[in-house]
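Residues per chain, in single letters:
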Amino acid sequence: MNPAGSGLHGVVIGAGIGGLATALSLHEIGARVDVFDSTSELRPLGVGINLLPHAVRELSALGLLDQLRAHAIAPSVLVYCTKRGQEIWREPRGIAAGYPWPQLSIHRGMLQEVLRGAVIERLGADALHLGRRLVRVGGRDEAPVAELDDGEVEADFIVAADGIHSAARAQRYPDEGSFLWNGSLLWRGIAEVEPVLDGRSMIWAGHPEQKFVGYPIADLPGGTQSFNFIAELRRPDSDLAHAEDWNRAGSLDDFLPQFKGWDFGWLDVPGIVEAAPETFLFPMVDREPIPQWTFGRSTLLGDAAHPMYPIGSNGASQAILDARVLAGCIRRHGDDIDQALRRYEETRRPATAAIVQANRGFGPELPMQLVEQRAPHGFADVAGVITPEEIAEVTERYRTTAGFSLAALQRGTSLVEDPYPL
C-alpha cells in the first residue's frame, strides 16, 4: 500500500475498538501513531457484539480475520419472533446471505484484545500509553497538542476516539447536556447454555416495549456455547437510567419477572438469564448528531462522534468504518491533512447521522413492532399480519442506510483504497 501518511504523526485518544482500529489503519498507510487511554490496564470488559460484513471486510484487510474467526461465531441466520415465540421472519446472515465476508459474533473484550495485540506487534509496545487521560485539545489549528493529565503531546493531527464520555467532544460542545434517553433499559449478560436452534442463529424476540436478543459468541468444550443476551424493557418512569456505563451491574429482580413466561420450548429466556453469572445495566441513550467533528487538525471518531442506540449491530462496526475511511482520506490527501480530515468528516458524518435517526425509528426491528401492533394476541398465519415484501423492504432499507447492503459489498476493495475525490 502506498504509504501516503509517511512522515505524519497521529495521536489517537482512546484504546477501545475505534481507537485501536484507527491506530492499525494509520500505521498501515505509513503514519507514526501514539495511542493514549485513561485506563491503567486494558481488561476484557463488556459482553458480546456483532461485527457486520462491511466491518469484517476492513478487519480482513488488516490481516485479522483468521484470528477473529478463531474466537467468534459466524451466524448464518437471524430469526425474528413474537413475545410468544411465534416466528415472524428469518433471513440469512453473512456468508449464507451471499456476502464475501462473514458476520462475526464475538466478546467485545476478545475483539479489543486481538486489536491490542496487533497494535503492540506492529507499532510496538511503546506506542500504547495507558493511564494517561485527555484533558483537552490545545495548541493551534495547524499544530494541535493533546493536553493530558500528566503533560502535553504534539502531533500533526489528533483523533479523539474516547468514547461516549468524550472529553474532546465535551470541549467542543460544552453545552450539549446529558444523553438523550428513550425510556428503555437494557440488561446484558453471557450464559453458558446448550446451543439454541443450530448454534449459529441470532434471535430477536418480542417488540420494542419488551424484547430479548440472543446469539452465541463462542463454542465451548463439551458442546455448550457462550450465549450473549440483551433483555430490554421500556420503563420511562424508572430511576435506573442515571448512568451511562457499559459495566454497571444489573439486578435480576429489576427485569427477570417480566420474562418469566418467555420459555418457548426452543428458547428458554428465563433459563438463559438465570444461567448468567452477572448482568450489566445500560439505558438506551444516544445524542443528537452534531454539525461538526473536525476542528483544525483534530477530529472525532466512533462513539465520541456519533453515539447511537445499540440497534442493528452497528456501534463497533461503524467505529471500524470511521477508522478505515479516515486512513483512506489521509492516504489520498496526505499532503494536505486539513483537506484529508474534512473529506473524512464529509464522508462519515452524514452516513452515521442517518443511522442514528434510523435507530430511533426501530431500525431493522420495525417489523416486530408492526406485528405487535397488528396481532398482539398472536396469529395463526403470519402472512395475514405482515407480508414478506413489507419486511424485506424495511430490512433492506436499513442495510442500505448502514452501508452493508449486499450490492454495496460485492467488490473486494477496502475503504482505505477508495479514491475520496474532492
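Refer to the structure printed above.
No experiment lies behind these values; they were computed from the predicted model shown. (Residues numbered from 1 in each chain as written. Predicted model: local features only at pLDDT ≥ 70, side-chain atom pairs only at ≥ 80, totals over all residues. Heavy atoms only, no water.)

So, helix H2 (residues 53-61)
Working step 1: Buried residues dominate H2, accounting for seven of its nine residues.
Working step 2: Looking at H2, one finds that the buried residues are Pro-53, His-54, Ala-55, Val-56, Arg-57, Glu-58 and Leu-59.
Working step 3: Residues of H2 that are buried sit in contact with strand E3 (48-51), helix H3 (65-69), strand E6 (104-107), helix H4 (108-123), helix H7 (315-333) and helix H10 (388-402).
Working step 4: Where H2 ends, the next residue or the one after it, Gly-63, has phi of about 80°, a positive value. (Buried < 20%, exposed > 50% of the residue type's maximum accessible area, 1.4 Å probe, protein only. Helix = DSSP H or I, 4+ residues; strand = E, 2+ residues; numbered from the N terminus. Contact = heavy atoms within 4.5 Å.)

Some points on unusual backbone geometry
Working step 1: Backbone geometry at Phe-362 places phi at a positive 80°, although glycine is not the residue there.
Working step 2: Within the element layout of this structure, Phe-362 appears in the loop between helix H8 (337-360) and helix H9 (366-374).

Focus on the nonpolar core
Working step 1: Membership of the largest hydrophobic core comes to 81 residues, with the highest contact counts inside it found for Leu-26, Leu-51, Leu-59, Leu-64, Leu-111 and Ile-330.
Working step 2: When residues in this core are grouped by element, the largest group, nine residues, is from H7.
Working step 3: Ignoring sequence-local partners within four residues, the contact set of Leu-64 consists of Leu-24, Leu-59, Val-114, Leu-115, Ala-118 and Arg-122.
Working step 4: The next biggest cluster of nonpolar side chains, apart from the first, holds 27 residues, and it includes Val-77, Val-193, Phe-259 and Leu-267. (Core = buried A, V, L, I, M, F, W, Y, C linked by side-chain atoms within 4.5 Å.)

A word on H4
Working step 1: If you check H4, its first and last C-alpha atoms are 22 Å apart, about what 16 residues at 1.5 Å a residue would give, namely 22 Å.
Working step 2: Those residues of H4 that fall on the buried side of the exposure criterion are Gly-109, Leu-111, Gln-112, Val-114, Leu-115, Ala-118, Val-119 and Leu-123.
Working step 3: In the core, the buried residues of H4 are packed alongside helix H1 (17-28), strand E2 (32-37), E3, H2, H3 and E6.
Working step 4: Note on H4: the residue one or two positions beyond its end, Gly-124, has a positive phi of about 100°. (Expected span 1.5 Å × (residues − 1).)

Considerations on the sheet that holds strand E9 (residues 143-148)
Working step 1: Judged by pairing direction, the sheet is antiparallel, and its three strands sit side by side in the order E8-E9-E10 without closing on themselves. The sheet is open, and its two borders are formed by strand E8 (134-140) and strand E10 (151-154), each paired with just one other strand. Here the strands of the sheet are splayed against their neighbours by 25° on average, with no regard to which way each runs.
Working step 2: Pairing of E8 with E9 involves six bridges; the strand directions are antiparallel. Note on E9: the bridge partner recorded for Val-137 is Ala-146. (Pairing = 2+ DSSP bridges. Axes fitted to C-alpha atoms, helices over the stretch in contact; angles between N-to-C directions.)

Some words on the packing of aromatic side chains
Working step 1: Within the structure shown, the criterion is met by eight aromatic pairs.
Working step 2: With a centroid separation of 6.0 Å and an interplanar angle of 40°, the aromatic rings of Phe-264 and Trp-266 are classed as tilted.
Working step 3: Of the aromatic side chains, those joined through ring pairs into one cluster are Phe-259, Trp-262, Phe-264 and Trp-266.
Working step 4: Note that Arg-57 overlies the ring of Trp-101, its terminal NZ or CZ placed 5.8 Å from the centroid. (Phe/Tyr/Trp six-rings, centres within 6.5 Å; stacked < 30°, edge-to-face > 60°. Lys NZ or Arg CZ within 6 Å of the ring centre and 35° of its normal.)

Details of the side chain of Asn-314
Working step 1: Following the sequence through the fold, Asn-314 ends up in the loop between strand E17 (298-300) and H7.
Working step 2: Engagement of the side chain of Asn-314 in a polar contact is seen with the side chain of Gln-318, the distance being 2.7 Å.
Working step 3: A polar side-chain atom of Asn-314 sits 2.7 Å from a polar atom in the side chain of Tyr-398. (Polar contact = N/O pair within 3.5 Å; in protein donor to acceptor, adjacent residues only side chain to side chain.)

What about the pattern of salt bridges?
Opposite charge on two side chains lets them pair, provided their charged atoms get close.
Working step 1: Considering all chains together, one arrives at 30 salt bridges under this definition.
Working step 2: Salt-bridge contacts for Glu-372 lead to Lys-83; the nearest nitrogen and oxygen are separated by 2.9 Å. Residue Glu-372 is located in helix H9, and its partner Lys-83 is located in the loop between strand E4 (77-81) and strand E5 (87-92); the two are separated by 289 residues in the primary sequence.
Working step 3: Given a relative accessible area of 25%, Lys-83 falls into the partly exposed group.
Working step 4: Put simply, Arg-133 and Asp-149 hold a salt bridge, and the shortest N to O gap is 3.9 Å. (Salt bridge = Lys/Arg side-chain N within 4 Å of Asp/Glu carboxyl O.)

Considering the sheet that holds E2
Adjacent strands of a sheet pair through backbone hydrogen bonds, lying either parallel or antiparallel.
Working step 1: In space, the five strands of this open sheet follow the order E7-E2-E1-E11-E17, with parallel pairing throughout. Pairing within the sheet leaves two strands with one partner each, and these edge strands are strand E7 (128-130) and E17. Each adjacent strand pair in this sheet contributes to an overall mean axis angle of 20°, direction not counted.
Working step 2: Bridging between strand E1 (residues 9-13) and E2 involves five bridges; their strand directions are parallel. Paired with Val-12 across the two strands is Val-35, which belongs to E2.
Working step 3: With respect to the sheet, H1 is in contact with E1, E2 and strand E11 (157-160), its orientation differing from that of E2 by roughly 170°.

A closer look at the environment of Arg-32
Working step 1: In this structure, Arg-32 sits in strand E2.
Working step 2: Using a relative accessible area of 52% as the deciding quantity, one classes Arg-32 as exposed.
Working step 3: Here the alpha-carbon distance between Arg-32 and Asp-156, two residues 124 residues apart in the chain, equals 9.9 Å.

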